[in-house]
Amino acid sequence: LAVIFALVGICTAAAAVWLSARFLDTKPILLTPPDAARSEVMALMDAVCDGDYAAASQSIYGTPNLGVDREAGSEVGILIWDAFSSSMSYELQGDCYPTAQGLAQDVKITCLDITSVTANLKERSRVLLEACVAEAEDVSEIYDENNEYREELVMDVLYEAVEDALVEDARSMHMEVTVNLIYQDGKWWAMADEALLNAISGGILY
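These remarks concern the structure in this document. The model shown is predicted, which means the values in this text are computed figures rather than measured ones.

1. Focus on unusual backbone geometry
Of all residues except glycine, most have a negative phi; of all peptide bonds, most are trans.
Right, on to step 1. A positive phi angle, close to 60°, is found at Asn 147, a residue other than glycine.
Right, on to step 2. One can find Asn 147 in the loop between α6 (121–135) and α7 (151–168).
Right, on to step 3. For Asn 147, a relative accessible area of 58% puts it in the exposed group.
Right, on to step 4. Not every positive phi belongs to a glycine, and Asp 185 is a case in point at roughly 55°.
Right, on to step 5. Of note, Asp 185 is situated in the loop between β3 (172–184) and β4 (187–190).

2. As for the state of the cysteines
Right, on to step 1. Evaluation of the coordinates by the stated rule reveals zero disulfides.
Right, on to step 2. For Cys 49, which is in no disulfide, the shortest distance to another cysteine sulfur is to Cys 111 and amounts to 9.4 Å.

3. Structural notes on the environment of Gly 94
Right, on to step 1. Locating Gly 94 in the fold gives a position in strand β1 (residues 89–98).
Right, on to step 2. Take Gly 94: its relative accessible area is 48%, and that puts it in the partly exposed class.
Right, on to step 3. Along the backbone, Gly 94 and Gln 105 are eleven residues apart, and their C-alpha atoms lie at a distance of 7.7 Å.
Right, on to step 4. Setting aside chain neighbours within four positions, we find Gly 94 in contact with Arg 38 and Gln 105.

4. Here's the deal with the pairing of β1
Right, on to step 1. Note that β1 and strand β2 (residues 103–112) share seven bridges and pair antiparallel. For Leu 92, the partnering residue across the bridge sits in β2 and is Val 107.
Right, on to step 2. Linkage of β1 to β2, two consecutive antiparallel strands, is achieved through a turn of four residues.

5. A short note on the nonpolar core
Right, on to step 1. Counting 45 residues, the largest nonpolar core has Leu 44, Val 107, Ile 109, Val 179 and Ile 200 as the members making the most contacts within it.
Right, on to step 2. Here this core gets seven residues from one element, more than from any other, and that element is helix α2 (residues 35–49).
Right, on to step 3. Non-local contacts of Ile 200, meaning those with residues more than four positions away in its chain, are made with Met 45, Val 48, Tyr 53, Phe 84, Met 88 and Ile 109.

6. Concerning the packing of aromatic side chains
Right, on to step 1. Using the criterion set out here, one finds five aromatic pairs in the structure.
Right, on to step 2. Between Tyr 53 and Trp 81, the aromatic rings sit 5.7 Å apart at their centres with planes inclined by 45°, giving tilted as the arrangement. Taken together, the positions of Tyr 53 in helix α3 (residues 53–57) and Trp 81 in helix α4 (residues 75–87) put the pair 28 residues apart, joining distant regions of the chain.
Right, on to step 3. Accessibility expressed as a relative area gives 5% for Tyr 53, which makes it buried.
Right, on to step 4. Site record: aromatic cluster; members linked through ring pairs are Tyr 53, Trp 81 and Phe 84.
Right, on to step 5. The cationic tip of Lys 187 hangs over the ring face of Trp 189; the distance from NZ or CZ to the ring centre is 4.2 Å.

7. Here we look at the packing of α4 against α7
Right, on to step 1. Contact geometry for α4 and α7: axes closest at 9 Å, N-to-C directions at 15°. Regarding the angle of α4 to α7, the classification is roughly parallel. Pair α4 / α7 crosses with right-handed handedness. The segment α4 lies against α7, with Glu 75, Val 76, Leu 79, Ile 80 and Ala 83 engaging Met 155, Leu 158, Tyr 159, Val 162, Glu 163 and Leu 166.
Right, on to step 2. Residue composition of the contact of α4 with α7, grouped by class: nine nonpolar, no polar and two charged.

8. Comments concerning the packing of α6 against α7
Right, on to step 1. Contact geometry for α6 and α7: axes closest at 9 Å, N-to-C directions at 125°. Taken together, the axes of α6 and α7 are oblique relative to one another. Like other packed secondary-structure pairs, α6 and α7 cross with a definite hand, here right-handed. Between α6, through Leu 121, Arg 124, Ser 125, Leu 128, Leu 129 and Cys 132, and α7, the contact on the second element is made entirely by Leu 153, Val 157, Leu 158, Glu 160, Ala 161, Val 162, Asp 164, Ala 165 and Glu 168.

What counts, and at which threshold
Residues numbered from 1 in each chain as written. Predicted model: local features only at pLDDT ≥ 70, side-chain atom pairs only at ≥ 80, totals over all residues. Heavy atoms only, no water. Helix = DSSP H or I, 4+ residues; strand = E, 2+ residues; numbered from the N terminus. Buried < 20%, exposed > 50% of the residue type's maximum accessible area, 1.4 Å probe, protein only. Disulfide = S-S within 2.5 Å. Contact = heavy atoms within 4.5 Å. Pairing = 2+ DSSP bridges. Core = buried A, V, L, I, M, F, W, Y, C linked by side-chain atoms within 4.5 Å. Phe/Tyr/Trp six-rings, centres within 6.5 Å; stacked < 30°, edge-to-face > 60°. Lys NZ or Arg CZ within 6 Å of the ring centre and 35° of its normal. Axes fitted to C-alpha atoms, helices over the stretch in contact; angles between N-to-C directions. Parallel < 35°, antiparallel > 145°, perpendicular 65-115°, else oblique. Left-handed = near helix turned anticlockwise from the far one by under 90°. Nonpolar A, V, L, I, M, F, W, Y, C, P; charged D, E, K, R; others polar.

See below:
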């Protein structure tokens, strides 16, 4: 019996070595997708859709600063950012699948196409500014001491142009992004690659 078991062991080991070499380049198969990884992706995307980037950071490996402590440069910037963040929605595509580094989850993101708002801002602002000049009863309302347009007037015109563009020009766009995950310190983490950061921020955070 000892000899038989020894022979079986040798054959089993040889088969294992052969199978390992034979399927060395074969992609891993995930028999049971871990719910924790999928839940982590949902937590990340839910936080992004809520505009809570501090919470979103807690799902990303290394908990990077996503710029939530930065103040927008102007009211116009706040207006566009609020419109973008409030337009965000997502849908998970299929289940998690294995990769060389861990797991991945495909996500379809729908959000405001910021370029659709900004594309015609120059022309909209020009028309509005010309209307202000034509309607002004006092040129001091339009020009400063250097005979330049008053900054507050320009910003008011730009703000109005953005408001109009958000109503008349704004379009939605769809993006397919792959969220890559790794398992570290007892939990799954999303990896903050360029594609993911661009998708969740409209190109503003990255």
